[in-house]
Amino acid sequence: MKTANLKRVVMLLILSFTFVSCQQKESNVATTPSHPVALSMSSYTVAKFSPLDIFVPKAYAAITDLKFCFKRLRFKKELAPGQIDTNDNVDLELGEQVISSAGLDLGSVSVPADTYVRIEFDLERDCMGTAANSVTLVNDLGVGNHSTTDKITIKFEGTFIVDGAESLVLDVQSIIDAANAYDGQGVQSLKEAMEAVGGTIL
């Protein structure tokens, strides 16, 4: 009887220790601090002007309308050289937004404290429950409007550290240049043109 009781006591101690250890591990994960990050896209210019253009005028494309349909956002961590984290989706259903040359406020999201090396946006036709194009573009190249319902991922590279309330500005100039140059006449689709370039984290 004494041996059986001793075994029960040992088993209870082992189970109690395991339970406390699990609770501590879960507590450590749950207390990873997150901080508000205010997101915005930078202002941009459509054409670069040179003083020589006074003597030899150039034909520039001009964007008159550019809309993105925002579905989700990803903050990408570099886990090891050449490896990027993939489990970091953040819902960011802003709906269809006009990408203005004056810049665009994208609101605020809660992001775990860490160092990030890439920001990605998924643009989809069904954002905020509203059927729309993932990208709608009107410029003076090609015939008519350019638009697509394809899912498009636009990326911004750079280093961004979250250790408190932060403001994140994304430079869209290279993306705008690609949109500005798109004429819809070549073999490259609008999706391919937009995903072939990336922005930077300012």
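Residues numbered from 1 in each chain as written. Predicted model: local features only at pLDDT ≥ 70, side-chain atom pairs only at ≥ 80, totals over all residues. Heavy atoms only, no water.

(A) Broad picture of the overall build of the chain. For the chain, the helix and strand inventory stands at three helices and 14 strands. Residues counted as buried form 35% of the 202 residues belonging to the chain. A separation threshold of at least 6 residues defines the contact pool for the chain, and within that pool the share at least 24 residues apart is 77%. If you sum the accessible surface of the chain, you get close to 11900 Å²; carbon and sulfur atoms cover 57% of it. (Helix = DSSP H or I, 4+ residues; strand = E, 2+ residues; numbered from the N terminus. Buried < 20%, exposed > 50% of the residue type's maximum accessible area, 1.4 Å probe, protein only. Contact = heavy atoms within 4.5 Å. Areas by Shrake-Rupley, 256 points an atom, 1.4 Å probe, with all protein chains shown as cover.)

(B) Quick look at the pairing of strand β10 (residues 135-139). Across the five residues of β10, five count as buried, placing the element largely inside the fold. Neither face of β10 is exposed, since V135, L137 and N139 on one face and T136 and V138 on the opposite face are all buried. By the bridge criterion, three bridges tie β10 to strand β11 (residues 146-148) in an arrangement that is antiparallel. When the sheet's bridge partners are listed, L137 is paired in β11 with H146. (Pairing = 2+ DSSP bridges.)

(C) Quick peek at the nonpolar core. If you look at the biggest cluster of nonpolar residues, it comprises 37 residues, and the most contacted ones within it are M41, F68, F75, F121 and F156. Looking at this core element by element, the count peaks at six residues for strand β2 (residues 63-76). If sequence neighbours within four positions are ignored, F156 has contacts with M41, V117, R118, I119, F121, L170, D171, V172, I175, G199, T200 and I201. (Core = buried A, V, L, I, M, F, W, Y, C linked by side-chain atoms within 4.5 Å.)

(D) Layout of the packing of aromatic side chains. According to the stated counting rule, one finds five aromatic pairs in the structure shown. Where F68 meets F70, the ring centres are 6.1 Å apart and the plane angle is 70 degrees; that geometry is what we call edge-to-face. Judged by centre distance (5.4 Å) and plane angle (75 degrees), the ring pair of F70 and F121 falls under edge-to-face. Residue F70 is found in strand β2, and its partner F121 is found in strand β7 (residues 114-123); the two are separated by 51 residues along the sequence. The pair formed by F70 and F121 is uniform in burial state, with each residue classed as buried. (Phe/Tyr/Trp six-rings, centres within 6.5 Å; stacked < 30°, edge-to-face > 60°.)

Just geometry here; none of it tells us what the structure is for.
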